[in-house]
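So you can see what is in the structure, the chains are spelled out below.
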Amino acid sequence: MLYFSRFKMILIWLAVAATVVLAAPNLFSASTLAKLPDWVPKRQMTLGLDLQGGSHILLRMDPNDLIKDRLETTRDEIRTLLRDAKIGYTGLSGTGRTVQVRITDPAQIEAAKTALKPLTNPVAAGLFSGGSIQEMTLDDSEPGLLKFAVTDAGIKYRTSTALTQAIQVVERRVNELGTTEPIVQRQGDDRILVQVPGLQDPQRLKEILGQTAKLTFQMVDQSMPVQDALNGRPPPGSSVLYSQDDPPVPYLIENRVIVSGENLVDAQATFNSQTNEPVVSFRFDSKGAQRFGQATAQNVGKLFAIILDNQVISAPQIREPIPGGTGQISGNFTAESANDLAVLLRAGALPATLTVIEERTVGPGLGQDSIHAGKVAGIIGSILVVAFMFVAYGFLGFLANIALAVHVAMIVGLLSLLGATLTLPGIAGIVLTIGMAVDSNVLIYERIREERRAGRSVIQAIDTGFSKALATIVDSNVTSLIATVVLFWLGTGPVKGFAVTYAIGILTTVFTAFTFTRLLVSIWLRRARPKELPRAPVTFIPPGTKIPFMGIRRWTFTLSSVLSVLSVIGFMTIDINYGIDFKGGSLIEVQSKAGNADLADIRGRLTELNIGEVQVQQFGEPNDVLIRVGTQEGGENAEQTVIDKVRGELQDQYDFRRVEVVGPTVSGELAKQGTIAMLVALLGILIYVWFRFEWQFAVGAIVATVHDVVMTIGFFVITGLEFNQSSLAAILTIIGYSLNDTIVVYDRVREDLRKYKRMPLPQLLNNAINETLSRTTLTSVTTILALLALVLFGGEVIRSFTMAMLFGVVFGTYSSIFIAAPLLILFKLRPQATASDEEKPVGDGKAIAT
């Protein structure tokens, strides 16, 4: 194990050097890197929106708009086809997903079916089975009545094509804003994810994305006063529409569209040469110019309405024909609103309304604060872990610390190479892996000490220690990796960033702790030729410790059972403090522009807005405030209205640092995904442990893990900490950590079962736990030190995550000793164990070993 060929040593050092080179650009600013030669690697980690600021917006397309448009098109097609075929009809109408028409002459029914056959013909759709789908079906069961219904496949086809078109429109709109590296991508069948880093005005982005921007030019119906139309009924073929003025002005508009926004080829924000007011100049294509010229020539002296999303922007009088296909749209524009309208018109109209169902916006100030907090927590956590390892292992601890530095460099280098996004929970993941990375070193070093105490030479002890620790390292890290993969699969945003960072950390841990540390130790052995292992300044667990853990197992079972029952009762009777991720609503973090925040004033002002339940609390510093607004009955649009109201009320005195809005649709999905993630992680771990051990070990590991999860949930109930997506990430990480601890104990139990064939099980378990107690204690301490740095210096945003992790690590250590191990007795892993056997001293194992 300690021999390395020259070729293998070169490969290892090259791998280390490569990761250091890949990680190095993150130490320099972008301006400094720009001055370096082109061959120097310059790729840095991509910062998540929670670190650099920006907006994450999830949009959902409303299929009802598509169905409505399809029905209107179908009615027009039926009218045209029957008229062309000279077939009389009546009662042409549409409701729900059906359009119906009654043929007046029974003798013409077959002719009508033939004329309307194109409506039910399959349409090409390569993504669907068979290459085509039938959009509409015909029901002629009632004599003389033809009913055309939109099929589910037709709706799916229309939604898919409309979503593709909408993505292109959204991309054009976002790119027109001049933002850097925006992300616009499809999510599922009816959603679009938009992420815009570094955006200064998220409200403007939402307004631009939320507008359908369907532009039409229609004639104003002047056949009767609009007030008469409001009091009675508008003339056939006309409707009443309102302007964007305050108060709105009604107009009687002909339904016939003269020309639409589809014929626009350009739109620019300019200023009127006479009034110097902001206007939007537009230009039509040849077809649009022809229609526009004809309409203006035929209607000189009449009013011509310019309509955007069923609202009248302006209704100027046509003074003369306009044959050139150009014109201006005037209204109550500011320079910015004129520019926004030009952006919308250039990008094109959306095929259907897009609703914001989730919004997460972080201001650049909060992002910089989060980066600073993450750096401070990382530095302090690293110093604590490095110092502890040196105190616990002396020179071997120094070698472990070198490997730890390479471990961090490898994480940063791989994140940079893969282009993965580093989020605030991701920084927490790096700090956490610093604490847990030394676990493999602790396992190896403790095994080396044990082999040395057993009488082996220094070289033999080191070689055997590395060999025997390998299986345990792999088993313990695989269980953590299973939980992390599940977290990546079902997580979103920053939580997924944590999963990526943590997974990379787990993989690099195995390399740095086993391969790189082994190389360093082998180099030290060849050069120093030591006669004894380096002494540690402090011995935390004395060799030969013989604590009778199994003697108090009934007490620990009782204690854990009582606490678990209380946690479940508390969860069922006391409302856990769910975050908006799981119950919907709005979360807003604001910072006072001058002096401390006045919580009572904010609470009073927001209560007057009639926006439902409002919670206001201090968040970290006295000038920081966290505002929670309960979910709104009006759905996703009502959630966005709340943000507008709060912003309008507070923006003069407070800076908006963070805004998160989760509608009822997304919150329900996140709750479901969280439950599935927990079950899938437990099932995956059960299968792996069952495969690697006997069934008693697998069931014992799962019971101990469920115990830790229940305890952690009870912790959230008692403390009132917010339970959100990051809390779920903490629980899944605790599952991995708890199993890591349990696997180490179980691996030693399995080894001792082979070694001591006749030893009573309680005595064997005591022996195994005492043998691994030093490793368990030292790993827990290093992880707790890293977590303490996160709790104290990592900032308020991830406080619930770090607090839950700290609690989970403590209880995970407890359960691996007092729950997982004693369960093997309950499951009769070695049936011959009797009550009298339990009283034999721990050290009797050697006397009866075979």
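Refer to the structure above for everything that follows.
These numbers were taken from a predicted model, which means no experiment stands behind them. (Residues numbered from 1 in each chain as written. Predicted model: local features only at pLDDT ≥ 70, side-chain atom pairs only at ≥ 80, totals over all residues. Heavy atoms only, no water.)

Inspection of every chain in the model, using the stated rule, returns 28 salt bridges. With a closest N to O distance of 2.5 Å, D152 and R97 form a salt bridge. Residue D152 is located in helix α6 (residues 152-176), and its partner R97 is located in the loop between β3 (89-95) and β4 (98-103); the two are separated by 55 residues in the primary sequence. Classification of D152 by relative accessible area gives exposed; the value is 56%. Here E660 and R658 are joined by a salt bridge, their closest N and O atoms 3.2 Å apart. (Salt bridge = Lys/Arg side-chain N within 4 Å of Asp/Glu carboxyl O. Helix = DSSP H or I, 4+ residues; strand = E, 2+ residues; numbered from the N terminus. Buried < 20%, exposed > 50% of the residue type's maximum accessible area, 1.4 Å probe, protein only.)

Let us now look at empty space enclosed by the protein. Inspection of every chain in the model, using the stated rule, returns seven cavities of 30 Å³ or more. What lines the largest cavity is a set of 14 residues, and nearest its centre among them are L443, R447, V744, R748 and T772. Across the lining of the largest cavity, the residue classes tally to three nonpolar, two polar and nine charged. (1 Å grid on protein atoms, 1.4 Å probe; cavity = no way out; pocket = protein on both sides within 12 Å on 5 of 7 lines; lining within 4 Å. Points joined across faces, edges and corners; volume = space filled by probe spheres on them. Nonpolar A, V, L, I, M, F, W, Y, C, P; charged D, E, K, R; others polar.)

Looking now at the sheet that holds β4. Overall, antiparallel pairing links the four strands, which are arranged β3-β4-β8-β7 in an open sheet. Every other strand in the sheet has two partners, leaving β3 and β7 (136-139) as the edge strands with one partner each. The mean inter-strand angle of the sheet, taken between neighbouring strand axes irrespective of direction, is 15 degrees. As paired strands, β3 and β4 are joined by five bridges and run antiparallel to one another. The residue of β4 that forms the bridge with G94 is V99. (Pairing = 2+ DSSP bridges. Axes fitted to C-alpha atoms, helices over the stretch in contact; angles between N-to-C directions.)

What follows concerns helix α23 (residues 761-793). Taking 1.5 Å per residue, 33 residues should reach 48 Å; α23 reaches 45 Å between its end C-alpha atoms and fits that length. Maximum bend of α23: about 50 degrees, positioned at T772. Within α23, 26 of the 33 residues are buried, which leaves the element mostly enclosed by the surrounding structure. The first or second residue beyond α23 is G795, which carries a positive phi of 95 degrees. (Expected span 1.5 Å × (residues − 1). Bend = angle between axes of the 7 residues up to and from the residue.)

This paragraph deals with the packing of helix α1 (residues 6-23) against helix α12 (residues 395-418). Between α1 and α12, the least distance of the axes is 7 Å, while the angle of their chain directions is 60 degrees. One element, α1, and the other, α12, form an angle in the oblique class. Read as a crossing pair, α1 and α12 show a hand that is left-handed. Residue-level contacts link V16, T19, V20, L22 and A23 of α1 to V406, A409, M410, V412, G413, S416 and L417 of α12. Of the residues in the contact of α1 with α12, the class split is nine nonpolar, three polar and no charged. (Parallel < 35°, antiparallel > 145°, perpendicular 65-115°, else oblique. Left-handed = near helix turned anticlockwise from the far one by under 90°. Contact = heavy atoms within 4.5 Å.)

Here we take up the layout of surface pockets. Reported here for the second largest pocket is a volume of approximately 1500 Å³. What lines the second largest pocket is a set of 43 residues, among which D69, E72, K214, T216 and P351 lie closest to the centre. Counting residues per element, the ones that place at least two in the lining of the second largest pocket are α4 (63-84), α6, β11 (215-220), β12 (238-243), β13 (250-260) and α10 (335-347). Top contributing element to the lining of the second largest pocket by residue count: α4, with eight residues.

What follows deals with the side chain of H407. Tracing the backbone through its elements, the reader meets H407 in helix α12. Its relative accessible area of 0% is what places H407 among the buried residues. Once you skip the residues sitting within four places of it in the chain, H407 turns out to touch T433, I434, A437, G505, T508, T509 and T512.

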